[in-house]
Amino acid sequence: MKIWCCLCFGEEEEYKNREMMREREAILGDIDCDQGKLKEIGNDEGIGSGNMRDEDDGIKLPLQLGEGSSKSTAEVNLNLSLGGEPSCSTAVPVLGRDDDIDRDSHSKRPKVHSLALDCDSFLLSDPFQESKPFSLIEKEHERMYNCLGHYESLASDDNDSPFTPNNWRMEEDENASPETDDLEIRMDLTDDLLRMVFSFLDHINLCRAAKVCRQWRIASAHEDFWRFLSFENRNISPQQFEDMCHRYPNATQVNINGSPAIHTLVMQAISSLRNLEFLTLGKGQLGETFFQALTDCTMLKNLIVTDAILGNGIQEILIYHDSLQHIQIVKCRVVRISVRCPQLQTLSLKRSSMAHAVLNCPLLHDLDIASCHKLLDAAIRSAVTSCPLLESLDMSNCSCVSDETLREISSTCGNLHILNASYCPNISLESVRLPMLTVLKLHSCEGITSASMAAIAYSYMLEVLELDNCSLLTSVFLDLPRLQNIRLVHCRKFVDLSLRSLVLLSIKVSNCPSLQRINIVSNSLQKLVLQKQESLTCLELQCQSLQEVDLTDCESLTNSICEVFSDGSGCPMLKSLILDNCESLTAVEFCSNSLTSLSLAGCRGITSLELTCPYLEQMSLDGCDHLERAICSPVGLRSLNLGICPKLNTLKIEAPTMVLLELKGCGVLSEASINCPVLTSLDASFCSQLKDDCLSATTVSCPLVESLILMSCTSVGSDGLASLRWLPNLTSLDLSYTFLTNLQPVFDSCLQLKVLKLQACKYLTDSSLEPLYKDGALPTLRELDLSYGSLCQASIEELLACCTHLTHVSLNGCVNMHDLNWSFTVDRVYQRFLQNLNCVGCPNIKKVLIPSTAHFSNLSSLNISLSANLKEVDVACLNLCFLNLSNCGSLEILKLDCPRLTNLFLQSCNISEAAVESAISQCNMLETLDVRFCQKITTASVGKLRTACPGLKRIFSSMVPI
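Each chain carries its own residue numbering, running from 1 in the direction its sequence is written. Under the rules for a predicted model, residues below a pLDDT of 70 receive no local features and side-chain atom pairs below 80 are neither given nor counted, while totals for whole chains, interfaces and linings still include all residues. Calculation of side-chain values draws on the structure's entire complement of heavy atoms; hydrogens and water are dropped beforehand.

**Focus on the overall build of the protein**
Right, on to step 1. Secondary structure elements follow DSSP: runs of H or I no shorter than four residues count as helices, runs of E no shorter than two count as strands, and numbering proceeds from the N terminus. Regarding its fold elements, the protein presents 24 helices and 53 strands.
Right, on to step 2. Three exposure classes are used, based on accessible area relative to the maximum for each residue type with a 1.4 Å probe and protein chains only: buried under 20%, partly exposed in between, and exposed over 50%. The buried share among the 962 residues of the protein stands at 51%.
Right, on to step 3. Only heavy atoms matter for contacts: two residues are in contact if any of them lie within 4.5 Å across the pair. Restricting to contacts in the protein with at least 6 residues of sequence separation, those with at least 24 account for 47%.
Right, on to step 4. For the accessible areas, the method is Shrake-Rupley and the probe is 1.4 Å, while residue cover comes only from the protein chains on display. Looking at the protein as shown, the accessible area adds up to about 40,900 Å², and 49% of this sits on carbon and sulfur atoms.

**A word on the side chain of Asn 255**
Right, on to step 1. Residue position: Asn 255 is located in strand S7 (residues 253-255).
Right, on to step 2. Owing to a relative accessible area of 9%, Asn 255 belongs among the buried residues under this scheme.
Right, on to step 3. In protein, a polar contact means a hydrogen-donor-capable atom and an acceptor-capable atom, both N or O and within 3.5 Å, with residues adjacent in sequence counting only if both atoms are side-chain atoms; elsewhere, any N or O pair within 3.5 Å suffices. Within polar-contact distance, the side chain of Asn 255 engages the side chain of Glu 232 at 3.3 Å.
Right, on to step 4. At 3.0 Å, the side chain of Asn 255 and the backbone nitrogen of Asn 257 are in polar contact.
Right, on to step 5. Here Asn 255 is in contact with Phe 228, Leu 229, Ser 230, Phe 231, Glu 232 and Thr 280, once residues within four sequence places are set aside.

**Describing the confidence of the model for the protein**
Right, on to step 1. Residues with a pLDDT of 70 or more make up 79% of the protein, whose mean pLDDT is 82.
Right, on to step 2. Per residue, pLDDT captures the predictor's confidence, and it can take any value from 0 to 100. Predicted confidence is poor over residues 1-16, with pLDDT under 50, and the contacts of this stretch with residues over four places away or in other chains come to 36 contacts.
Right, on to step 3. Counting interchain partners and residues more than four positions distant, the pLDDT-below-50 stretch residues 825-829 has 6 contacts.

**Here we look at the packing of helix H14 (residues 377-385) against helix H15 (residues 403-412)**
Between two packed helices, what matters for the description is the angle formed by their axes and the separation of those axes.
Right, on to step 1. Relative to each other, H14 and H15 sit at 5°, their axes nearing to 10 Å. Relative to H15, H14 is oriented roughly parallel. Contact residues: H14 offers Asp 377, Ile 380, Arg 381, Val 384 and Thr 385, while H15 offers Glu 404, Thr 405, Glu 408, Ile 409 and Thr 412.
Right, on to step 2. Put simply, Ala, Val, Leu, Ile, Met, Phe, Trp, Tyr, Cys and Pro go in the nonpolar bin, Asp, Glu, Lys and Arg in the charged bin, and everything else, Gly too, in the polar bin. Split into classes, the residues belonging to the contact of H14 with H15 amount to 3 nonpolar, 3 polar and 4 charged. As a rule, the C-alpha atoms of each element are fitted with a line to give its axis, helices using only the stretch in contact, and angles between N-to-C directions run from 0 to 180 degrees. Roughly parallel means an angle under 35 degrees; roughly antiparallel means over 145; roughly perpendicular covers 65 to 115; every other angle is labelled oblique.

**Quick notes on the sheet that holds strand S20 (residues 475-479)**
Right, on to step 1. Strands are labelled as partners when DSSP assigns at least two bridges between them. Taking strand neighbours across the sheet as the criterion, the 4 strands line up as S20-S22-S24-S26 in an open arrangement whose pairing is parallel. Of all strands in the sheet, those with a lone pairing partner are S20 and strand S26 (538-543), marking the two edges. On average, each strand axis in the sheet is tilted by 5° relative to the strand beside it, whichever way the strands run.
Right, on to step 2. Two elements, strand S24 (residues 517-522) and S26, share 6 bridges in a ladder whose sense is parallel. Each bridged residue has a counterpart across the sheet, and for Arg 517 the counterpart in S26 is Cys 538.

**Some remarks on a nonpolar patch on the surface**
Right, on to step 1. Taken together, the side chains of Leu 193, Met 196, Val 197 and Phe 200 define a hydrophobic patch exposed on the protein surface, amounting to about 410 Å² of accessible area.
Right, on to step 2. Along the chain, the position of Leu 193 falls in helix H8 (residues 191-198). Like-charged residues are merged into a patch within 9 Å and nonpolar side chains (Val, Leu, Ile, Met, Phe, Trp, Tyr) within 5 Å, provided each residue has over 30% relative accessible area and no salt bridge. Throughout this description, the term salt bridge denotes a Lys or Arg side-chain nitrogen within 4 Å of a carboxyl oxygen of Asp or Glu.

**Looking at a positive patch on the surface**
Right, on to step 1. On the surface, Lys 283, Lys 331, Arg 333, Lys 350 and Arg 351 cluster together into a positively charged patch.
Right, on to step 2. Here Arg 333 lies in the loop between strand S11 (326-330) and strand S12 (336-340).
Right, on to step 3. Owing to a relative accessible area of 47%, Arg 333 belongs among the partly exposed residues under this scheme. Neither His nor the chain ends is counted toward charge; the positive residues are Lys and Arg and the negative residues Asp and Glu. Every charge is mapped onto a representative atom, which is NZ of Lys, CZ of Arg, CG of Asp or CD of Glu.

**Section: the packing of aromatic side chains**
Right, on to step 1. Put simply, two rings from Phe, Tyr or Trp (the six-membered ring, in Trp's case) pair if the centres are within 6.5 Å, and we call them stacked under 30 degrees between planes, edge-to-face over 60, tilted for the rest. Under the definition given, this model contains 6 aromatic pairs.
Right, on to step 2. Relative to Phe 241, the ring of Phe 231 lies with its centre 5.8 Å away and its plane at 80°, an arrangement referred to as edge-to-face. Taken as a pair, Phe 231 in the loop between strand S6 (228-230) and helix H11 (238-247) and Phe 241 in helix H11 lie far apart in primary sequence, 10 residues in all.
Right, on to step 3. Our definition puts a charge over a ring when NZ of Lys or CZ of Arg is within 6 Å of the ring centre and also within 35 degrees of the ring normal. Taking NZ or CZ as reference, Arg 340 lies 3.9 Å from the ring centre of Tyr 320, over its face.

**Considerations on helix H24 (residues 939-948)**
Right, on to step 1. Those residues of H24 not exposed but buried are Ser 941, Val 942 and Leu 945. Projected down its long axis, H24 carries its buried residues within an arc of 105°, all on one side. In H24, those exposed residues whose orientation departs by more than 90 degrees from the buried face are Ala 940 and Thr 947.
Right, on to step 2. Along its buried surface, H24 packs onto helix H23 (913-920), strand S52 (928-930) and strand S53 (954-956). By definition, the arc is the one covered by directions from the helix axis to the C-beta atoms.

**Quick word on the environment of Ser 524**
Right, on to step 1. Looking at where Ser 524 falls in the secondary structure, it is placed in the loop between S24 and strand S25 (527-529).
Right, on to step 2. Given the relative accessible area of 22%, Ser 524 is considered partly exposed.
Right, on to step 3. Note: C-alpha distance between Ser 524 and Ser 501 (23 residues apart in sequence) is 8.7 Å.
Right, on to step 4. With near-sequence residues (within four places) excluded, Ser 524 lies in contact with Leu 502, Val 503, Leu 504, Leu 505 and Ser 545.

**Considerations on the pattern of salt bridges**
Once the charged atoms of two side chains with opposite charge are near each other, the side chains can pair.
Right, on to step 1. Counted under the stated rule, the structure contains 14 salt bridges.
Right, on to step 2. Notably, a salt bridge pairs Arg 227 with Asp 224, separated by 3.3 Å at the nearest N-O pair.
Right, on to step 3. Using a relative accessible area of 29% as the deciding quantity, one classes Arg 227 as partly exposed.
Right, on to step 4. The salt bridge involving Arg 381 is made with Asp 377; its shortest N-O contact spans 2.9 Å.

**Quick look at the packing of H11 against helix H12 (residues 262-272)**
Right, on to step 1. In contact at an axis separation of 10 Å, H11 and H12 are set at 20° when each is read in the N-to-C sense. When the axes of H11 and H12 are compared, the pair comes out roughly parallel. At the point where H11 passes H12, the crossing takes the right-handed sense. Together, Pro 238, Phe 241, Glu 242, Cys 245 and His 246 of H11 and Thr 264, Leu 265, Gln 268, Ala 269 and Ser 272 of H12 make up the contact between the two elements. In this scheme the crossing of two helices becomes right-handed for a clockwise turn of the near helix relative to the far one and left-handed for an anticlockwise turn of less than a right angle.

**Examining the sheet that holds strand S44 (residues 819-821)**
Right, on to step 1. In spatial order, the strands read S44-S46-S48-S50; together these 4 strands make up an open sheet with parallel pairing. Since the sheet does not close on itself, it has two edges, and those belong to S44 and strand S50 (893-896), each with one partner. Between one strand axis and the next, the sheet turns through 10° on average, direction left out of account.

**Points about the environment of Leu 483**
Right, on to step 1. Relative to the helices and strands, Leu 483 resides in the loop between S20 and strand S21 (485-489).
Right, on to step 2. Look at Leu 483 and you get buried, because its relative accessible area is 2%.
Right, on to step 3. A sequence separation of 45 residues divides Leu 483 from Thr 438, and the C-alpha atoms of the two residues are 8.4 Å apart.
Right, on to step 4. Each residue touching Leu 483, except ones within four places of it in the same chain, is listed here: Leu 462, Glu 463, Val 464, Leu 465, Leu 499, Ser 501, Val 503 and Leu 504.

Okay, structure coming up:
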């Protein structure tokens with residue numbers, strides 16, 4: 001890989017750059033490199049002889065692309081411009097004639113193998129040490145670098161930095177492989193391009209970059225990067241700071257906040273930096289001379305003083321300046337302060353301790369005197385009224401402010417737009433008129449009452465109103481055409497809220513325990529959250545754009561709330577409504593063409609629900625355990641779970657898009673009208689009162705049902721099952737725990753059935769399943785569950801022998817099954833598709849025999865666990881992968897011919913070690929063996945088992961750690 005970044009320069013540009021470099025060298029000192037020494041360097045290190053030159057006569061240095069790797073290297077050729085012309089910027093002077101030293105020093109680029117310039121032989125050679133071009137660079141850089149006291153410690157901690165002096169070494173690329181030629185990278189950056197790249201670096205990284213080469217040092221020292229000198233919380237000495245000020249006299253910003261001896265440092269800044277515009281300092285003491293010297297900084301625009309002692313603590317501080325526009329004196333200790341700045345626009349005296357403040361700032365428009373506890377009412381009045389153009393005033397936590405002061409301010413400051421009078425207990429806004437006010441904050445104002453609303457009503461331009469913690473406020477009635485935001489939090493006695501503003505966007509009402517009535521008129525409000533308003537009983541809304549309403553835990557809301565959100569009311573765009581835990585609701589009725597989401601979770605008092613919401617897509621009824629009647633016609637729901645409503649007895653659903661309906665646990669449901677034409681799954685488990693007529697009507701109106709669960713639907717009989725013929729797509733049917741005696745309607749109606757579950761159907765006789773294995777009924781059936789049934793051994797054997805299309809059979813808990821003997825006669829052998837057989841907990845099974853002649857070649861899983869009397873297992877199945885014989889305490893004989901068996905579970909079996917070892921010896925693919933709690937399996941046995949089956953990966957044993 002070769003990257004050539006060579007740049008072309010015109011003669012005029014090159015000449016200018018050369019002149020600039022000469023001026024830089026004049027500042028740094030002359031570079032005395034005689035021709036003989038340079039030639040010696042070239043002879044010793046191969047420069048000029050071609051050893052380290054490329055085809056463009058550039059100097060090559062090895063660049064390590066990977067740390068600690070000599071193979072992954074590339075060459076960086078900091079070379080000449082295109083066509084071999086010398087470029088104007090370079091880092092290393094190279095040999096040449098005396099009259100060409102300056103030219104060559106600006107035209108050759110070192111070819112480096114590492115940003116660390118790790119090179120022993122070149123830079124450390126004696127002739128090169130005598131010429132010391134790099135040493136000079138380092139000296140000058142160190143002088144600049146050490147001036148930044150706060151950077152020096154940071155750099156010293158970075159021992160692995162590639163730019164530390166210890167890493168300035170070069171070495172020949174002796175071990176470079178031929179492939180490194182293909183990785184050659186040529187780089188050549190003009191000063192302008194380099195400065196553009198450096199503009200993205202902070203001061204610390206600029207100092208590090210300065211140690212790379214002379215060009216980088218010069219570029220990183222450009223005054224554009226050092227116009228902002230920040231020494232915040234840095235331990236910089238006055239001498240270092242003075243050096244930096246002299247080095248960069250055009251700096252415009254200085255930050256020495258937290259530096260030691262700030263008075264000395266700031267006086268140096270004022271005397272040295274004539275272009276200073278931004279000055280930040282603090283955490284120390286500033287003498288009076290500082291404020292007197294400020295007038296010498298004619299360009300100063302911003303002054304920030306934080307956490308400082310001004311003067312000697314007893315004298316008045318005078319700040320006179322003709323150009324200052326922004327002043328912040330925050331958290332400072334001072335007795336009196338006088339500010340006379342004709343151009344001042346913003347002034348902050350926040351948290352300062354002065355008792356008097358005199359302002360002569362005719363253009364001031366932003367004043368912050370928050371938390372100035374020692375300022376008296378008269379002092380505040382005098383200071384504020386002296387600023388007739390004031391637009392923003394923050395006097396929060398000024399406890400002495402009175403209504404008289406506010407009246408004086410309202411008459412003097414006609415342009416006041418923002419007022420923060422929070423935590424001012426003496427104001428009530430009596431007779432105060434502020435018509436231009438747009439933002440009013442009155443947090444924790446104990447004097448604010450309902451009478452104060454009359455004064456606020458005069459502020460017809462008001463946009464933001466905050467009344468948090470106004471403990472005596474009982475009601476708010478406001479008609480403000482521009483009000484957009486209002487806050488009422490922790491107003492303990494607040495009872496009534498009435499707002500009218502067509503542009504109202506946000507209402508924050510929280511923790512107002514006495515609030516009973518809310519009336520809002522707005523065309524812009526989209527979201528309303530009124531959580532935990534326990535006393536709220538009346539809500540009136542005329543909000544044409546309202547889309548979301550949250551009334552969670554509004555326990556006193558009554559059924560009348562339904563009218564507020566129904567069609568014809570004031571919320572035609574409502575989409576989401578949350579009424580969680582509104583326990584006073586008993587009968588909920590909504591008719592809305594816009595509502596898409598409704599949540600009634602935790603509304604335990606609801607007994608009746610009527611919804612006519614054709615676009616309703618989501619509904620939550622969690623915790624509505626007293627619901628008795630539900631009518632949803634029509635709704636746009638795709639799924640609905642009513643199984644959490646155990647008292648539901650009447651149901652009517654018309655949902656054109658519903659595909660899933662769960663009625664599981666609705667034990668008293670007796671009337672159900674379900675009209676869901678695309679319904680595919682219906683779960684009516686434990687609906688014991690659901691009768692045949694209801695099932696018949698449902699099958700007619702829901703013809704696409706594929707899965708039907710009627711577990712424990714004891715009232716369903718033959719007529720109901722006969723109606724299943726209207727479900728041509730029915731593939732899964734669950735009739736477990738029913739009292740059925742005749743399955744013929746199922747065999748006749750469900751021709752596409754694939755799954756049939758008949759668990760615990762105690763009344764089915766041995767002949768009930770004869771159509772399956774004698775007449776070929778349900779030819780598509782794949783899964784059959786006869787667990788806990790009363791079928792005899794002969795019926796089970798006939799079923800397993802003849803129903804060769806079954807893939808999953810469950811016979812768990814069948815007490816009438818004695819042996820599992822599948823040694824069928826040859827004339828009854830067919831290809832069988834059985835894959836999974838479960839006979840868990842069959843207490844009378846004593847022997848399991850599945851020979852290879854039974855042709856159960858597809859059997860992959862066999863579970864006979866918890867069969868206490870099982871003594872012998874002899875299985876020969878080619879594809880058996882899973883065999884579970886756990887808790888078969890009588891097991892003695894185990895014979896396995898299952899070459900693909902991967903999991904064998906023998907937990908809590910009394911089988912002997914030899915029997916297990918013999919059984920698994922033929923199971924070459926066995927990976928997991930569980931012999932926990934097998935008393936005859938010892939620690940030594942485990943080793944033998946691994947020997948018998950080398951492929952074992954996991955043996956679970958109670959004696960051996962897993």
